[in-house]
Structures are given as C-alpha cells and as structure tokens.
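So the chains spell out like this:
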Amino acid sequence: MTDDAYLFLLDDPSVPLGVAPAAVGDLACMETPAVRAWLDAHGSAPTSPQLRLLPPEETAAVPEEAERLPVPLSDEELNRVRHAMAPESLAGIEEELLAYRDCADGRDGLIGRALAAGVPPHRVVELTGVDPATVTAAAGR
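Now for a quick tour of the structure. The model shown is predicted, which means the values in this text are computed figures rather than measured ones.

Regarding the overall build of the chain
- Along the backbone of the chain there are six helices and three strands.
- Seen in sequence order, the chain has helices and strands lined up from the N terminus as β-α-β-β-α-α-α-α-α.
- In terms of principal-axis extent, the alpha carbons of the chain reach across some 55 × 25 × 25 Å.
- Here the chain, with 141 residues, has 39% of them falling under the buried criterion.
- Once local pairs closer than 6 in sequence are excluded, the contacts in the chain between residues at least 24 apart make up 73%.
- Separation between the mean location of the 10 positive side-chain charges and that of the 24 negative ones in the chain comes to 5 Å.

Below, the structure written as structure tokens:
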C-alpha cells in the first residue's frame with residue numbers, strides 16, 4: 001500500500017472504478033505542474049470522464065495497463081474522495097460519523113449502526129477519531 005492516492009486513465013469511462021476528480025471538488029494536486037504535465041502528455045483534461053482517482057488503500061485496483069500518477073491528498077481531500085466512492089447507503093452513515101466528532105451522545109449506537117451497515121472498523125476510527133478499542137467494544141455490543 002502507498003501513502004499516495006493515484007490518478008489514472010481508464011480506457012472505458014463506464015467502468016465503475018474510482019471517482020472522477022471533478023466530482024470531489026477542488027483538489028490542490030490538480031493544479032501542480034506535475035499533474036498538468038502528466039495530463040498534457042496523455043492528451044487529457046481534469047474534467048475528462050476517463051480520469052479517475054483512488055485513495056491509497058484502493059490503489060491495487062488500478063488496472064495494470066492504465067496510465068497512472070501518484071498524487072498526495074490532504075486529509076480533507078482524502079475524506080471527500082472516500083465519501084464520493086462510498087455507496088449511497090454508506091454515505092449517510094459516514095456523514096453521521098463525521099458529525100459525531102462534535103458530540104459523544106449515542107456513540108456506541110452510532111458506531112454499531114455504522115459497523116452493521118458495512119463501514120469497516122478502520123474507517124469508523126478515521127471518521128470519528130475514537131480509539132480502535134472503543135470501536136471493537138461497540139462492535140461486540
């Protein structure tokens with residue numbers, strides 16, 4: 001696994017892999033000379049339907065033959081990418097988990113619902129900032 005996300009070009013834009021960078025809002029990396037040069041070299045644009053982005057934990061899914069470029073993302077940008085990739089059913093619960101950072105009321109119930117909905121424990125930890133042991137304890141209830 002790498003610490004960088006990957007921009008890559010798909011031959012078939014209908015393949016549901018990754019997220020279009022334009023769909024997650026402004027990303028600082030898209031304005032860097034390296035990304036602009038890479039896009040120019042491949043005759044692509046930041047709004048191309050073939051341009052996709054995957055977070056670090058998903059980069060193994062980038063097809064072997066795809067043109068790719070590692071890009072650093074801030075924590076906030078990475079959260080937007082992950083949220084855009086989440087199925088609709090998980091997106092709502094992830095929003096609640098992010099909001100939880102400001103409120104501890106009903107923590108165990110919310111964590112339990114998130115885990116039951118399929119949010120991985122490491123993602124619950126990232127979104128809430130709670131200790132992994134707390135997530136494990138909530139899962140057991």
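Back to the write-up after that little detour.
Remarks on the packing of helix α4 (residues 107-117) against helix α6 (residues 132-139)
- Where α4 meets α6, the closest approach of the two axes is 9 Å, and the angle between their N-to-C directions is 75°. Judged by the angle between their axes, α4 and α6 are roughly perpendicular. Mapping the contact onto sequence places R107, D108, I111 and L115 in α4 and T134, V135, A138 and A139 in α6.
- Counted by class, the contact of α4 with α6 contains five nonpolar, one polar and two charged residues.

Points about the sheet that holds strand β1 (residues 5-9)
- Overall, antiparallel pairing links the three strands, which are arranged β2-β1-β3 in an open sheet. Unpaired on one side and paired on the other, β2 (51-54) and β3 (68-71) mark the two borders of the sheet. Sheet twist, expressed as the average angle between the axes of neighbouring strands with direction ignored, equals 25°.

Points about a negative patch on the surface
- A cluster of acidic residues, D11, D12, E64 and E65, forms a negative patch on the protein surface.
- Mapped onto the elements, E64 comes out in the loop between β2 and β3.
- You can call E64 exposed: its relative accessible area is 75%.

Rules used in this analysis
- Residues numbered from 1 in each chain as written.
- Predicted model: local features only at pLDDT ≥ 70, side-chain atom pairs only at ≥ 80, totals over all residues.
- Heavy atoms only, no water.
- Helix = DSSP H or I, 4+ residues; strand = E, 2+ residues; numbered from the N terminus.
- Buried < 20%, exposed > 50% of the residue type's maximum accessible area, 1.4 Å probe, protein only.
- Contact = heavy atoms within 4.5 Å.
- Lys, Arg positive; Asp, Glu negative; His and termini not counted.
- Charge placed at Lys NZ, Arg CZ, Asp CG, Glu CD.
- Axes fitted to C-alpha atoms, helices over the stretch in contact; angles between N-to-C directions.
- Parallel < 35°, antiparallel > 145°, perpendicular 65-115°, else oblique.
- Nonpolar A, V, L, I, M, F, W, Y, C, P; charged D, E, K, R; others polar.
- Pairing = 2+ DSSP bridges.
- Patch = residues over 30% accessible without salt bridge, like charges linked within 9 Å, V, L, I, M, F, W, Y side chains within 5 Å.
- Areas by Shrake-Rupley, 256 points an atom, 1.4 Å probe, with all protein chains shown as cover.
- Salt bridge = Lys/Arg side-chain N within 4 Å of Asp/Glu carboxyl O.

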